[in-house]
Amino acid sequence: MASAVSYEYLKAIKGAPNGIPGLDENGQIPTTQLPISSLLFLGQYATEAELVEVYASAELANYAFVDETTSFWYWNAGLTTPAWVNQEITDEDYEQLSDIEKSMVPYLIVPTPETPPDPEP
């Protein structure tokens, strides 16, 4: 039975945009053929300020770990002003984001802390 896809067609789309990736000499997909949205870890930083000092801006899907918050921070290019955002976000803050802002970061939703009642006088 003949194949519905020709060898010439497969050869033509190998390594081409929207085609199929080729492999390097180690049998790996070259980074130049990975999608732009591939995650890229930029390191571990003591504070958010240190992260911002080293990377004032970044690319979509760049992320880093911040010790003071014990969480990952992602570059969110979907914000009105692109910025680093903590991956852990309260459900209340998450609901305030637009759909595009929500889609730019793999958020972990944590419950909004309850406000304790005011003591009675």
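These figures come from a predicted structure and were not determined experimentally.

*Asks:* Is there a simple way to explain the packing of aromatic side chains in this structure?
*Replies:* Working definition: an aromatic ring pair is given by the centre-to-centre distance plus the angle between the planes. Counted under the stated rule, the structure contains eight aromatic pairs. Considering the side-chain rings of tyrosine 63 and tyrosine 74, the 5.3 Å spacing of their centres and the 15° angle between planes classify their relative orientation as stacked. Taken together, the residues span a long stretch of sequence, with tyrosine 63 in strand S2 (residues 62-66) and tyrosine 74 in strand S3 (residues 71-76) at a distance of eleven residues. Exposure remark for tyrosine 74: the relative accessible area of 7% places this residue in the buried category. Ring plane angle 75° and centroid distance 5.7 Å describe the contact between tyrosine 94 and tyrosine 107, whose orientation is recorded as edge-to-face. Placement of tyrosine 94 in helix H3 (residues 91-95) and of tyrosine 107 in the loop between helix H4 (99-103) and strand S6 (108-110) is noted, with a sequence separation of 13 residues between them. On the basis of relative accessible area, tyrosine 94 is assigned to the partly exposed category, the value being 21%. Note on tyrosine 107: relative accessible area 13%, which makes it buried.

Parameters and conventions
- Residues numbered from 1 in each chain as written.
- Predicted model: local features only at pLDDT ≥ 70, side-chain atom pairs only at ≥ 80, totals over all residues.
- Heavy atoms only, no water.
- Phe/Tyr/Trp six-rings, centres within 6.5 Å; stacked < 30°, edge-to-face > 60°.
- Helix = DSSP H or I, 4+ residues; strand = E, 2+ residues; numbered from the N terminus.
- Buried < 20%, exposed > 50% of the residue type's maximum accessible area, 1.4 Å probe, protein only.

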